[in-house]
Every structure is written in structure tokens, then in C-alpha cells.
Amino acid sequence: MHIKIKEREIEMINEALKEIQRGTAEVIDEERIEKLLKAYFEEGKTYTVKAGFDPTAPDLHLGHTVLLQKLAIFQKYGARVQFLIGSFTATIGDPTGKNITRKVLSKEDIVKNISSYTTQAFKILDESKTDIVYNDDWLGKMSAADMITLASNLTVARMLERDDFSKRFKSNTPIATSEFMYPLLQGYDSVYLKSDVEIGGTDQKFNLLMGRQLQKAYDIKKQQAVLMMPILEGLDGVQKMSKSLGNYIGVSDAPNDMFGKVLSISDDLMWRYYELLSNKSLDEIAVLQQGVQDQTLHPKKVKEDLAFEITARFHSADAAQNAKTEFEKVHAKSQIPTDIAEFSVNETVWICKALVDCAIEPSTSQARRDIKQGGVKIDQIKISDDKLQLTTGEYLLQVGKRKFAKLKVN
RNA sequence: GGUGGGAUAGUCAAGUGGCCAACGACGGCAGACUGUAAAUCUGCUCCCUAUGGGUUCAGAGGUUCGACUCCUCUUCCCACCA
């Protein structure tokens, strides 16, 4: 009897471990994670998992949710999440980038960003098992002496080992001295929070390990396990998903956009997204993959299912269904979308100007070019005259396949 | 602190007195094609009611009929030396 319970426990722990390991790029100190899980299953002991977020932009995208979903898994198995907001680092500004020093955010901006951040995050995380912490609560109080003590834990040679520093150093890209402080500060967060596990992207490896090193140096009697998630590629399938590259799917994107963006990824990239973003089990995904290979399943159908799942997660099943119908209407059958922005003017307008005013062209020069190339339609009919004047009436303006506007001329 | 090198469009990167709104690559946009907003191929890619005009090559001056190109100063970056 007793042995049976033991067996059941081991099974559960293994199951949990498997789920935790899914999609990870690297796990350091797996044993520790196993021990934490064991303590949870046997004694109901909870533990802490830390993840840091930078509040510089108010929008989360799917790249962030890879981490969030992993955190949610941990919550399922007894973890309290330390949702760390890098409020200190944001206020001093990160000098990464060339000549432009990043704008220093005001306290109000940060607070504003964070509230939108957390509402988005709680679409995935369990709020009751999450502690939101701000690192300026402790980093802000450190003295110069504390900082120097902290800095003495790291040699310049070691710092230069860090991949992006060494790359930048070799390619003569500037590195500000303050940037050297970042890994230390992030590592110190783990000391202060006494984190049991920290998760982050593979690009964070150095910083994550710094947490381990500093926890040892400050002798807090534990060293965090580190779990690294791969960086999610953006829509282009090459570069990492980021807002500045414009290849992202935002958590708060409209359902139609979200659905369409997922469908626009390549068939290869789709599997990556499945692994990192879908709630389907790896076995289920393998079945889909096999199906596509045998040609018993159409890749478009598989991709649509993924688009549906993701859209439904951040909106609702209904919204996802609508997005799907809409997409088919607009793209497969090339009909016009349901919702189109409407504009009106009070006098005859020149077509190029009208397109700019309706925000579907950036400049009249661009509008002329698109007209010349046959990219502009009025009421579904291609036009070729870039001098056309729109007189009284209602028009459906279209640029390319995706940009629509209704214009009423009075 | 000294010496030398550099800053060009969204990014990277050519251009070293007129042929420069500025090669090329990437990105972006449009067209064709397609299961897709994928892939591929083609065209376009500073602004302006345009066979013309305006504003650009870190910033400010100067030389010249004419400057991204030459000179001076300023700002920022890099390397070597200290």
C-alpha cells in the first residue's frame, strides 16, 4: 500500500518534470527542480520561480508568453511566481543601441505600463499564485559601497565572456560601463528574493547564471535552478520576435490580426509555434506532423487550428471563430471585410489625398506609385488614373489586399 | 591626456567636386501566382496635385559657378598609446 503511493508520487513527479522540460533550450540543475517537486508532492511545500520583465513597452507579445506559459506550468505544480518588474533598471535607462540613449521612463509611465502588463499576463498566469515585485524596492536603496561590493563579484574578463559583450567588443560596437552592472543587478534580485528557480530566454543565460553565483557569494543557502526557453522567432521565422522589428503577434492584437498573423507564418515555423505556444501535448503534435507528412492533413488546416487556439486564448472561442470566418471571406474568397473604417469629407477630393486622409497610404507619392502599379481599387475596380477626383458619393477604397476604407464625399 | 580612423535614407553599406534623391543588400509596399498575409517571380521604395518643384548624406560655418565629396570648428563613436 505504502509502496503504491510512492510509485504514484514518482509518476506524478516525472509527469510534472516532463511538462516543465517541454520546449526548454537548457535546464541547469535539474536535480534541484526534481527535489522541489518532490517536496511539493510529498509535503505540500511550495517554492518560488522568478522571471524578470522589462516594463519599457506596454505590450506583451507571444515571445513573452512562452515564458508566461512555462510559469503557469510551474504554478500548476506548487510554485509561487515572483513576477519581477525591472523598475530600477528601467529608470536608469539601458544604453544598449548606438548613439541613442534609451529614454528614461518616468515612474508614472512605468506604473501605467505595468498595469497593462499584468492584466495581459494574468490571461495566462494564476493571479493568486503570483507575487508582483519591483526591483527598485531593494536596488534603489543600495549605497555606493553596496554596489561596489556587488561589483567585486565579477571580473572584467568573465564579463567579456558573455556572448553579446564579446560580439560587440569584437565588432567595435560601444559598450557602456553601466551595462556591466546589469547582470549583477539581475543576479542580486535572486539573492534578495531567495528564488528557487529562475526562468528566462537563452539570451539571458549569463544573467541567470549570475544569480546562482551571487546567491552562493552572499551565502543565502540556496542556488537557484535555471531554466532557459528558446527565443521565439518572429513572423519572418528568422529574427527573434520583437516589437521593434515589427514581426510580432501582440497579446492585445485584435482577433482578426492575431488569426491572420499566425496564418502568415511559414509551414516550418508553425511546428515551432506549436511546441512553444500550443497547449496540445507533444504526442498530439507528433500526430499532426505525421498527418501533414502523409498528406492526410492539410498544412493550412493545421495552421488554422493553431491560429484558432491562440486567438481563443487571448480573446474567446467566439472571437476566434469570427476571425476565422472573416479571414476566409477576405482572403480565400477575396471579398471585403465586415468592419471598415469610415471617413467623410465635405468637398471633392483628389484620390491620392483621400487615400492619405483615410490612413491607408503614408504619402501621396506612395499613393501615386500604387495606383500606377494597379494596387488601388475603388468599389472593387482597379483604377489607373492618379489624377482622379472623387465627387459627391460613397466610395470603397482599397490598397493592396488588406487595407480598406470607406469614404463619403458630401 | 596624445595620435589616428569614422558618422550616408528603416537597417547594413557604396559613393572622395558636376552624370547624385545618391550603387547594392536586407526590410517594407504593390502586382502575378497560391491552401495562406508562406514560397517564388516582377516592379516600386525622401516629400509635394508632379514630364515640374522642394528638402536630404552627424551639426554649424567656409571655399567653389557647383559639395555627400575640399577646409574650419562642434558633437558622438572606434582603435592604438598613456
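Residues numbered from 1 in each chain as written. Chains lettered and ligands numbered in written order. Predicted model: local features only at pLDDT ≥ 70, side-chain atom pairs only at ≥ 80, totals over all residues. Heavy atoms only, no water.

Peer 1: I'd like to hear about the environment of Leu71, residue by residue, with values.
Peer 2: Turning to its location among the elements, Leu71 is positioned in helix 3 (residues 62-76). The class of Leu71 is buried, set by a relative accessible area of 0%. Counting along the chain gives 120 residues from Leu71 to Val191, while the straight-line C-alpha distance between them is 20 Å. With sequence-adjacent residues up to four places away left out, Leu71 is seen in contact with Val49, Ala51, Phe53, Val81, Leu125 and Ile199. (Helix = DSSP H or I, 4+ residues; strand = E, 2+ residues; numbered from the N terminus. Buried < 20%, exposed > 50% of the residue type's maximum accessible area, 1.4 Å probe, protein only. Contact = heavy atoms within 4.5 Å.)

Peer 1: Pulling in residues and values, what's your account of the protein's contact with RNA strand B?
Peer 2: For RNA strand B, the set of nearby residues contains 33 residues, the closest of which are Leu263, Ser264, Lys300, Arg368 and Arg402. Among the atoms of RNA strand B lying within 4 Å of the protein, the sugar-phosphate backbone contributes 56%. Lys300 has a polar side-chain atom sitting 3.1 Å from a sugar or linking oxygen of RNA strand B. Contacts to RNA strand B include Lys401, whose side-chain N or O atom sits 3.1 Å from a base nitrogen. Of all the secondary-structure elements, those providing two or more residues to the surface near RNA strand B are helix 12 (255-263), helix 15 (299-314), helix 16 (317-332) and helix 18 (364-372). Take the surface near RNA strand B: its biggest share by element is 6 residues, from helix 18. Considered class by class, the residues forming the surface near RNA strand B number 5 nonpolar, 17 polar and 11 charged. (Near = heavy atom within 4 Å. Polar contact = N/O pair within 3.5 Å; in protein donor to acceptor, adjacent residues only side chain to side chain. Nonpolar A, V, L, I, M, F, W, Y, C, P; charged D, E, K, R; others polar.)

Peer 1: So, helix 9 (residues 163-170): which residues are in play, and what are the values?
Peer 2: When helix 9 is considered as a whole, its buried residues turn out to be Phe165, Ser166 and Arg168. One side of helix 9 carries all its buried residues, which in axial view fall inside an arc of 165°. Summarising the geometry of helix 9, the exposed residues directed more than 90 degrees from the buried face are Lys167 and Lys170. Against helix 8 (156-161) and helix 10 (177-193) lie the buried residues of helix 9. (Arc of directions from axis to C-beta.)

Peer 1: Run through the packing of helix 13 (residues 267-277) against helix 15, naming residues and quoting values.
Peer 2: As a packed pair, helix 13 and helix 15 sit with axes 11 Å apart at the nearest point and diverge in direction by 40°. Crossing of helix 13 against helix 15: the hand is left-handed. Every residue of helix 15 that contacts helix 13 at Asp267, Met270, Trp271, Tyr273, Tyr274 and Leu277 is listed here: Pro299, Val302, Lys303, Asp305, Leu306, Glu309, Ile310 and Arg313. Here the residues of the contact of helix 13 with helix 15 sort into 9 nonpolar, no polar and 5 charged. (Axes fitted to C-alpha atoms, helices over the stretch in contact; angles between N-to-C directions. Left-handed = near helix turned anticlockwise from the far one by under 90°.)

Peer 1: Talk me through unusual backbone geometry; I want residue IDs and the actual numbers.
Peer 2: Although it is not a glycine, Asp219 sits at a positive phi angle of roughly 55°. With respect to the helices and strands, the residue Asp219 is situated in the loop between helix 11 (205-217) and strand 6 (225-229). Judged by relative accessible area, which is 51%, Asp219 ranks as exposed. The backbone phi angle of Gln295 is positive, close to 65°, even though this residue is not glycine.

Peer 1: Give me the lowdown on the packing of aromatic side chains, citing residues and values where you can.
Peer 2: Scanning all chains against the criterion turns up 9 aromatic pairs. When the centroid spacing of 5.7 Å and the interplanar angle of 25° are considered together, the rings of Trp271 and Tyr274 count as stacked. In this pair, Trp271 and Tyr274 are both assigned in helix 13, 3 residues apart and thus about one turn of the helix distant. Judged by relative accessible area, Trp271 falls into the buried class, the value being 17%. In this structure Tyr274 comes out as buried when scored by relative accessible area, which is 0%. The positively charged end of Lys261 is found above the aromatic ring belonging to Tyr248, 4.8 Å away from the centroid. (Phe/Tyr/Trp six-rings, centres within 6.5 Å; stacked < 30°, edge-to-face > 60°. Lys NZ or Arg CZ within 6 Å of the ring centre and 35° of its normal.)

Peer 1: I'd like a description of the pairing of strand 13 (residues 403-409), backed by residues and values.
Peer 2: Across 4 bridges, strand 7 (residues 342-345) lies against strand 13 in parallel orientation. Bridge pairing in strand 13 links Val345 to Val409. Summarising the sheet, strand 12 (residues 393-399) and strand 13 pair through 7 bridges and their orientation is antiparallel. Residue pairing for strand 13: Glu394 is matched across the bridge by Lys408. Where strand 12 folds back on strand 13, the antiparallel hairpin that results is connected by 3 residues, among which Gly400 adopts a positive phi of roughly 65°. (Pairing = 2+ DSSP bridges.)

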